[in-house]
Amino acid sequence: MKYKSQKVAYMFFALSMVLLVLQIVYGFIMGFAHAGFDGLHEFIPFNTATATHKNLLVVWLLSGFMGAAYYIIPEESQNELVSVKLALLQFWSLAIVAVVAVIGFHFNWWEGRKFLEIPRPLDYLVVVNVLLFLGIILVTLFKGKQRTTTALVLAMGLFFAALLYLPGMIDFNNQSVDSFFRWWVVHLWVEGVWELIMGGILAYLLIKLTGVDRELIEKWLYVIVGLTFLSGILGTGHHYYYMGAPEYWLMIGGIFSALEPLAFLGMALFALAMYRKGEKNHPNKIALYWTLGTAIMSFAGAGLLGIAHTIPSVNLYTHGTLVTAMHGHLAFWGAYGMMVLAIIVYAMPNLTGRKLYDRPGAHYAFWLSNIGMIGMTTAFAAAGVAQVYLERKVGMSFMDAQKAIEVHFWVLIGAAILFTIGILFFVSNFFKHGMPTDEALEANS
Amino acid sequence: MLSKNQARLFFLGGTVLFFLIFLFLSANTLSSGIPEKTHSENITEEVTNGKQLFDENNCMGCHTILGEGAYYAPELTKVIDRRGEGFVKAVLTSKTPWTLSGRKMVAYGFSDKEANDLIAFFKWIGKMDLNGFPPKPDLKKE
Ligand code: HEM
Ligand code: HEM
Ligand SMILES: [Fe+2]
């Protein structure tokens, strides 16, 4: 059964596409600056570029999650969204806040707190926006005919993600306390509640694409999100090793964060097992690629590259170096970037009635972006390990070490070009689907 | 075999338990841990002003401090020990982009007072007990 109000998801997906492309532009600006070409310094200094790059990332992912929720919740709860008008209002206010924030970054209007740079007045608008979003989703869900585990886990993830935005809005005059609460947002998002959102979307896609019994999929969904919180909450300690917090976090953060990859391993094994078990031969193969891809790449980027630097004795040396950037890229891409692209690739043919999934472009998009991102991660890894060795082990000065590793940024730019070509294939395929229609949704039901 | 109900119980029970432990540890960290390790009694008005300037200008958008931030410009936790006050003041008050070692810094042209506030902030940061961070370069030839 399909629902007409699902069409509103298209707007959020389209916004995601535009912001993703813009994010990449700022990535290139920083890549070139690291390679020694900072010609734009006067207009877009590095701190503007980095704030824009990181916030656009967060907003295109959130917009993708919101679109996913507007698409999935009606189907799972067997109920049209309570108000499409309000959903559209929520969409436009989100887009406007994002644009104003990004413009502000170019005029020194921000807070200097990594990932939370959006200035305070806009934070309040974000809160109102997200409350509206949650209201629409929760009322739809609870007035619906059924409440599936998939929908509940997804809604719970979205709810707690909103709640956890608040600790980032308190002022402290102690830098360490500031950092302490910044991690309640950043860490408890990506290694906590966002994994619920990811798990919910993943379960939905696996049910649709593999045809495996819902009860079985949802049972394992509980186990996976259980592992997430079991490890991820106390795992926050891996950010408290060296910022002025007590020493006991070395032990607690070390042990529990080392368990965090289990949840991602669980997701990968689960997705592969359901794929093998599945008897349904869904025609949208490329959606299955992205779905299995996100399960596997998140384990690589978050799980393996996370554990690579989470042990306190290693983190002492890698903390705050390009090793972190290596992990940050593959983790965000594998877990959340690919997840959003997976639901988009699945939803678009259903929304528009145009089945573009067999086009070569859809496959180029998948392979080029992933190969490009693995290349970028490798370039960051080479740069990061060399930086750690030269600066933290041998004692070279920061800038001398940066000069020595400049060459890796040319490799980064090369790989980023491949990645970008892949994304451009994806985005052009997206817009070739055209607008969603009621007829398409009916034909599908 | 594990049933769906047991799986749900594992999820809810584990979450509540670990969340409570986390809250307990956080309370301890905030009430006594961080204040002691960071000597919060030394946070003067200058330090607070300095932190605010650090924030408002998004210095973390290029530098790291306590190992957090971007990786384009030097770690600032021990900047006063490494460079001395005079040098740092020259950087902060410069009206043209500081380019001594190749990369450009934004030319903030801070006033004398603003620069002193930032230096007070860095001095306070530099005296924190950070469990051994930044590490001593153990392969350095003397
Ligand atoms: C999808 C999940 C994940 C994402 C998106 C992610 C992303 C990131 C990002 C962006 C940072 C830098 C944050 C900042 O400096 O503000 C970071 C830091 C870190 N991550 Fe993750 N991460 C994920 C999962 C994990 C896991 C599972 C582990 C451990 C096994 C881990 C270990 C670490 C560590 C130790 C740091 C601190 C690095 C430092 O000291 O500079 N991450 N992560
Ligand atoms: C053309 C593509 C891209 C290029 C050239 C690029 C380049 C960069 C550079 C140079 C940095 C700054 C490192 C520093 O602080 O000095 C950065 C930061 C970051 N980028 Fe990208 N990026 C690209 C795409 C992406 C994508 C697609 C994602 C996410 C899916 C992403 C996520 C991040 C994150 C999370 C950070 C902060 C990392 C940290 O501080 O640990 N980037 N990027
Ligand atoms: Fe973390």
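Rules of the game
- Residues numbered from 1 in each chain as written.
- Chains lettered and ligands numbered in written order.
- Predicted model: local features only at pLDDT ≥ 70, side-chain atom pairs only at ≥ 80, totals over all residues.
- Heavy atoms only, no water.
- Helix = DSSP H or I, 4+ residues; strand = E, 2+ residues; numbered from the N terminus.
- Rg over C-alpha atoms; globule rule 2.2 N^0.38 Å.
- Buried < 20%, exposed > 50% of the residue type's maximum accessible area, 1.4 Å probe, protein only.
- Contact = heavy atoms within 4.5 Å.
- Areas by Shrake-Rupley, 256 points an atom, 1.4 Å probe, with all protein chains shown as cover.
- Lys, Arg positive; Asp, Glu negative; His and termini not counted.
- Charge placed at Lys NZ, Arg CZ, Asp CG, Glu CD.
- Near = heavy atom within 4 Å.
- Polar contact = N/O pair within 3.5 Å; in protein donor to acceptor, adjacent residues only side chain to side chain.
- Nonpolar A, V, L, I, M, F, W, Y, C, P; charged D, E, K, R; others polar.
- Donors = N, O, S within 2.8 Å, 3.2 Å for Na, K, Ca; no water.
- Core = buried A, V, L, I, M, F, W, Y, C linked by side-chain atoms within 4.5 Å.
- Domains from an automatic or database assignment.
- Buried area = accessible area lost by both parts, 1.4 Å probe.
- Salt bridge = Lys/Arg side-chain N within 4 Å of Asp/Glu carboxyl O.
- Disulfide = S-S within 2.5 Å.

Caption draft 1: Highlighting the overall build of chain B. In terms of helices and strands, chain B carries five helices and two strands. Ordered by position from the N terminus, the helices and strands of chain B form the series α-α-β-β-α-α-α. A globule of 142 residues ought to have a C-alpha radius of gyration of about 14 Å, yet chain B, at 21 Å, is considerably larger. C-alpha atoms of chain B, sized along the principal axes, occupy 70 × 35 × 35 Å. Out of the 142 residues in chain B, the part that is buried amounts to 45%. Taking the intrachain contacts of chain B between residues at least 6 apart in sequence as the baseline, contacts between residues at least 24 apart amount to 50%. Summed over all atoms, the accessible surface of chain B reaches about 7200 Å², with 59% contributed by carbon and sulfur. With 17 positive and 16 negative side-chain charges, chain B shows a spacing of 8 Å between the two charge centroids.

Caption draft 2: Inspection of the site of ligand 1 at higher detail. Residues in contact with ligand 1 amount to 27 residues; listed here are only the nearest, Lys 114, His 319, Gly 320, Thr 324 and His 327 of chain A. What surrounds ligand 1 is not a single chain but chains A and B. Within the side chain of Lys 114 of chain A, a nitrogen or oxygen atom sits 2.6 Å from an oxygen atom of ligand 1. Contact distances for ligand 1 include 2.7 Å between an oxygen atom and a side-chain N or O atom of Thr 324 of chain A. When contributions to the shell around ligand 1 are tallied by element, the ones reaching two or more residues are α6 (175–210), α9 (261–277), α10 (285–307) and α12 (322–352) of chain A. Tallying contributions element by element places α12 of chain A first for the shell around ligand 1, with six residues. Residue classes in the shell around ligand 1 are distributed as 12 nonpolar, 11 polar and four charged.

Caption draft 3: View of the coordination of the iron ion (ligand 3). Residue and element names in this part refer to chain A. Taken together, His 187 (ND1), Glu 191 (OE), Glu 191 (OE), His 238 (NE2) and His 239 (NE2) make up the full set of protein donors to the iron ion (ligand 3), lying 2.1 to 2.7 Å away. Between the donor residues of the iron ion (ligand 3), the gaps in sequence give the motif H-x3-E-x46-H-H. In this structure, the iron ion (ligand 3) is positioned 4.3 Å from the iron atom of ligand 1. Of this pair, His 187 sits in helix α6 while His 239 sits in the loop between α7 (214–235) and α8 (248–259), and the two are 52 residues apart along the sequence.

Caption draft 4: Spotlight on the coordination of the iron atom of ligand 2. Distances from the iron atom of ligand 2 to its protein donors, namely His 53 of chain A (NE2) and His 329 of chain A (NE2), fall within the range 2.0 to 2.1 Å. Overall, His 53 of chain A belongs to the buried group, its relative accessible area being 13%.

Caption draft 5: View of the nonpolar core. Residues Tyr 70, Trp 189, Trp 194, Ile 201, Trp 290 and Trp 333 of chain A together with Phe 122 of chain B are the most contacted members of the largest nonpolar core, which totals 194 residues. A per-element tally of this core places α6 of chain A first, with 23 residues. Shared between two domains, this core holds at least three residues of each, these being domain 1 (1–32) and domain 2 (34–126) of chain B. Once you skip the residues sitting within four places of it in the chain, Phe 122 of chain B turns out to touch Phe 54, Ile 65, Leu 76, Thr 77, Val 79, Ile 80 and Val 88 of chain B. By size, the runner-up hydrophobic cluster in this structure holds 11 residues, among which are Tyr 26, Ala 33, Ile 44 and Phe 46 of chain A.

Caption draft 6: The side chain of His 63 of chain B, seen in detail. All names here are of chain B. Residue placement: His 63 occurs in the loop between α2 (45–56) and β1 (64–65). Polar contacts involving the side chain of His 63 include one to the main-chain carbonyl oxygen of Pro 74, which spans 2.8 Å. If near-sequence neighbours (up to four positions away) are discounted, His 63 is found in contact with Glu 68, Gly 69, Ala 70, Ala 73, Pro 74, Leu 76 and Met 105.

Caption draft 7: Spatial organisation of the environment of Leu 9 of chain B. Counting through the fold element by element, Leu 9 of chain B comes out in helix α1 (residues 4–38). Taking the C-alpha atoms as reference points, Leu 9 of chain B and Tyr 72 of chain B, separated by 63 residues in sequence, lie 46 Å from one another.

Caption draft 8: Examining the interface of chain A and chain B more closely. Taken together, the contact between chain A and chain B spans 78 residues of the former and 69 residues of the latter. Carbon and sulfur atoms supply 64% of the area buried between chain A and chain B, which totals about 6400 Å² over both sides. Counting the contacts that link chain A with chain B gives six salt bridges. One salt bridge in this structure joins Lys 393 of chain A and Asp 138 of chain B, with 3.2 Å as the shortest N-O distance. The interface formed by chain A and chain B holds 30 residue pairs in polar contact (both at pLDDT 80 or more) in total. Element by element, the count of residues in the side of chain A that touches chain B is highest for α7 of chain A, at 13 residues. A class-by-class count of the residues in the side of chain A that touches chain B yields 41 nonpolar, 22 polar and 15 charged.

Caption draft 9: Highlighting the state of the cysteines. Residues and elements named next belong to chain B. As enumerated under the stated definition, the model contains zero disulfides over all chains in all. Free cysteine: Cys 59, not disulfide-bonded; nearest cysteine sulfur from Cys 62 at 8.6 Å. Accessibility expressed as a relative area gives 13% for Cys 59, which makes it buried. Residue Cys 62 is classed as buried on the basis of its relative accessible area of 13%.

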